[in-house]
Amino acid sequence: MVSQERQERKWCPTCNEIVSSSSEVALPRSDIGLRALILIAYLWVVSAISLPGIAAFLNNFFRLRLSTAGLSKMMIRLGKIFAPVHEEILEDVKGGAVIFADETGWRIKGVLWWLWIFANDRTAYYWPDKQRGSPVVEKILGTIFSGVLVTDAWCAYNKIVCLKQTCMAHILRKIRKFRDAYPQYYSILLFYQKLRRILADGERLKLARKEIGEAVFYRRLNLLKQRLDSLLARKNPNNVLKEVIAKVARQTDYILTFVEHEGVPKHNNFGEYIIKKGILKRKVSGGSMSEAGAMAYAVFQSIAQTCHLRQISFFGFLTTSLIHYIRTGSPLLLGSYETKLLKVLKKAS
């Protein structure tokens with residue numbers, strides 16, 4: 001069902017300018033209402049539909065004719081409105097005990113950019129950048145982080161001062177490629193099996209920590225580290241195994257971090273799950289046509305994924321936040337929205 005609302009504009013002799021009546025069903029100077037605007041954002045980000053696809057959908061089902069350029073301008077405008085929420089999400093990520101980070105290729109007018117993600121168990125932050133180096137990490141997270149950073153071993157993350165955990169799924173996958181490419185070298189298979197055993201023993205030790213006590217835990221952890229050092233110090237390896245050992249040795253300090261720290265896994269599966277949203281969008285749309293469009297996508301994907309992690313309605317939050325923006329000139333933040341939801345739930349109970 002489509003409704004139409006008219007807003008009159010008249011000349012004010014006191015203000016000496018044209019003024020219009022205010023409405024909470026549409027943004028100022030907008031040709032469509034909030035519901036349609038939020039539906040477009042949902043289709044664009046959550047459903048990963050391209051802007052031409054959204055234009056066709058709106059025309060076919062609602063007889064609402066909008067150009068691709070018009071849709072793009074709407075999303076860019078909304079992205080700027082929700083910039084404070086994007087910043088709030090970043091601060092929440094930086095305030096967590098664990099950050100999962102990853103990056104994937106992105107294109108703006110065919111030029112290679114990168115879509116970065118930084119996330120914890122309740123918040124996800126997306127950021128587009130033309131660089132894939134350490135300056136991006138420093139710009140987003142700063143130079144020091146008090147928690148644990150879980151990554152896929154990309155060297156750009158090495159500049160930040162913090163505890164790190166390398167994704168061992170990535171490392172083991174690389175070793176398997178060497179094992180399969182050189183089946184004649186049994187030493188590679190043996191190295192792979194011993195490394196997996198060390199990681200499995202680390203998992204068991206982590207689970208038994210409360211039962212065995214801190215003194216025994218750290219004594220066994222030191223034994224695990226000695227086993228790892230011994231494995232990497234193998235004498236006279238063949239050239240292929242030497243290359244495998246070198247790859248693992250570069251991550252020595254970041255292999256067993258998960259054993260000692262609660263909530264830290266030995267892999268970056270969560271980071272890969274978060275980044276897949278961007279990968280899907282890139283495959284469907286091919287990237288963005290402008291930097292402003294890429295930033296708008298990052299803002300909305302950050303909000304959508306954070307709402308999903310916190311089990312909040314994306315549609316409900318955008319609606320409430322935009323009404324707040326119409327009334328006050330600033331969007332309602334996620335934290336304030338969660339507080340309002342809790343108050344409503346308390347009253348209902």
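Residues numbered from 1 in each chain as written. Predicted model: local features only at pLDDT ≥ 70, side-chain atom pairs only at ≥ 80, totals over all residues. Heavy atoms only, no water.

### Points about the packing of helix α1 (residues 34-45) against helix α14 (residues 314-328)
Then comes step 1: For the pair α1 and α14, the least separation of the axes is 10 Å and the interaxial angle reads 135°. Between α1 and α14, the angle is such that the two are oblique. Considering how the two elements wind past one another, α1 and α14 form a crossing that is right-handed. Facing α1, whose interface residues are Leu34, Arg35, Ile38, Leu39, Ala41 and Tyr42, α14 presents Phe314, Phe315, Leu318, Thr319, Leu322, Ile323 and Ile326.
Then comes step 2: Within the contact of α1 with α14, the residues separate by chemical class into eleven nonpolar, one polar and one charged. (Axes fitted to C-alpha atoms, helices over the stretch in contact; angles between N-to-C directions. Helix = DSSP H or I, 4+ residues; strand = E, 2+ residues; numbered from the N terminus. Parallel < 35°, antiparallel > 145°, perpendicular 65-115°, else oblique. Left-handed = near helix turned anticlockwise from the far one by under 90°. Contact = heavy atoms within 4.5 Å. Nonpolar A, V, L, I, M, F, W, Y, C, P; charged D, E, K, R; others polar.)

### Here we look at the layout of surface pockets
Then comes step 1: Space inside the second largest pocket adds up to approximately 360 Å³.
Then comes step 2: Lining the second largest pocket are 23 residues; nearest its centre among them are Trp44, Leu51, Gly287, Ser288 and Met289.
Then comes step 3: Elements that contribute at least two residues to the lining of the second largest pocket include exactly α2 (51-62), α3 (68-81), β3 (98-108), α12 (269-285) and α13 (291-309).
Then comes step 4: Counting residues per element, the lining of the second largest pocket draws most heavily on α3, at five residues. (1 Å grid on protein atoms, 1.4 Å probe; cavity = no way out; pocket = protein on both sides within 12 Å on 5 of 7 lines; lining within 4 Å. Points joined across faces, edges and corners; volume = space filled by probe spheres on them.)

### Some words on the pattern of salt bridges
Then comes step 1: With the rule as written, the count across this model stands at twelve salt bridges.
Then comes step 2: Salt-bridge contacts for aspartate 92 lead to arginine 122; the nearest nitrogen and oxygen are separated by 3.3 Å. In this pair, aspartate 92 sits in helix α4 (residues 83-94) while arginine 122 sits in the loop between β4 (111-119) and β5 (124-129), placing the two residues 30 residues apart along the sequence.
Then comes step 3: Classification of aspartate 92 by relative accessible area gives partly exposed; the value is 25%.
Then comes step 4: A salt bridge links glutamate 214 to arginine 209, with the nearest nitrogen and oxygen atoms 2.9 Å apart.
Then comes step 5: Overall, glutamate 214 belongs to the partly exposed group, its relative accessible area being 42%.
Then comes step 6: Look at the salt bridges and you will find they share partners, linking Asp92, Arg122, Arg310 and Glu338 into a network. (Salt bridge = Lys/Arg side-chain N within 4 Å of Asp/Glu carboxyl O. Buried < 20%, exposed > 50% of the residue type's maximum accessible area, 1.4 Å probe, protein only.)

### Structural notes on the nonpolar core
Then comes step 1: In this structure, Phe82, Phe118, Ile303 and Phe317 are the most contacted members of the largest nonpolar core, which totals 71 residues.
Then comes step 2: Excluding residues that lie within four positions of it along the chain, phenylalanine 118 makes contacts with Val93, Ile99, Phe100, Ala101, Thr123, Ala124, Tyr125, Ile140, Leu141 and Tyr157.
Then comes step 3: Counting 32 residues, the second-largest nonpolar core is a separate cluster that includes Phe100, Val150, Val244 and Ile255. (Core = buried A, V, L, I, M, F, W, Y, C linked by side-chain atoms within 4.5 Å.)

### Section: the sheet that holds strand β6 (residues 144-151)
Two modes of strand pairing occur in sheets, parallel and antiparallel, and in both the strands are linked by backbone hydrogen bonds.
Then comes step 1: On the basis of which strands lie adjacent, the open sheet formed by five strands has the order β5-β4-β3-β6-β7 and mixed pairing. The sheet terminates laterally at β5 and β7 (161-166), the two strands that pair on one side only. Averaged over all pairs of adjacent strands, the angle between strand axes in this sheet comes to 30°, irrespective of strand direction.
Then comes step 2: Where β6 meets β7, five bridges bridge the pair, whose relative direction is parallel. Paired with leucine 149 across the strands is lysine 164, a residue of β7.
Then comes step 3: Contacting β3, β4, β5 and β6, α4 crosses the sheet at an angle of about 115° to β5. (Pairing = 2+ DSSP bridges.)

### Some words on helix α5 (residues 134-141)
Then comes step 1: Here α5 has its buried residues at Ser134, Val136, Val137, Ile140 and Leu141. Along the axis of α5, the buried positions cluster into a sector of 155°, meaning they face one direction only.
Then comes step 2: Buried positions along α5 lie against α4, β3, β4, β5 and β6.
Then comes step 3: Downstream of α5 by one or two residues, glycine 142 has phi in the positive range, about 90°. (Arc of directions from axis to C-beta.)

### A look at α3
Then comes step 1: In this model, α3 (14 residues) spans 20 Å end to end at C-alpha, consistent with the 20 Å of a helix rising 1.5 Å per residue.
Then comes step 2: Among the residues making up α3, those that are buried are Leu71, Met74, Met75, Ile76, Leu78, Gly79 and Ile81.
Then comes step 3: On its buried side, α3 packs onto α1, α2, α4, α13 and α14. (Expected span 1.5 Å × (residues − 1).)

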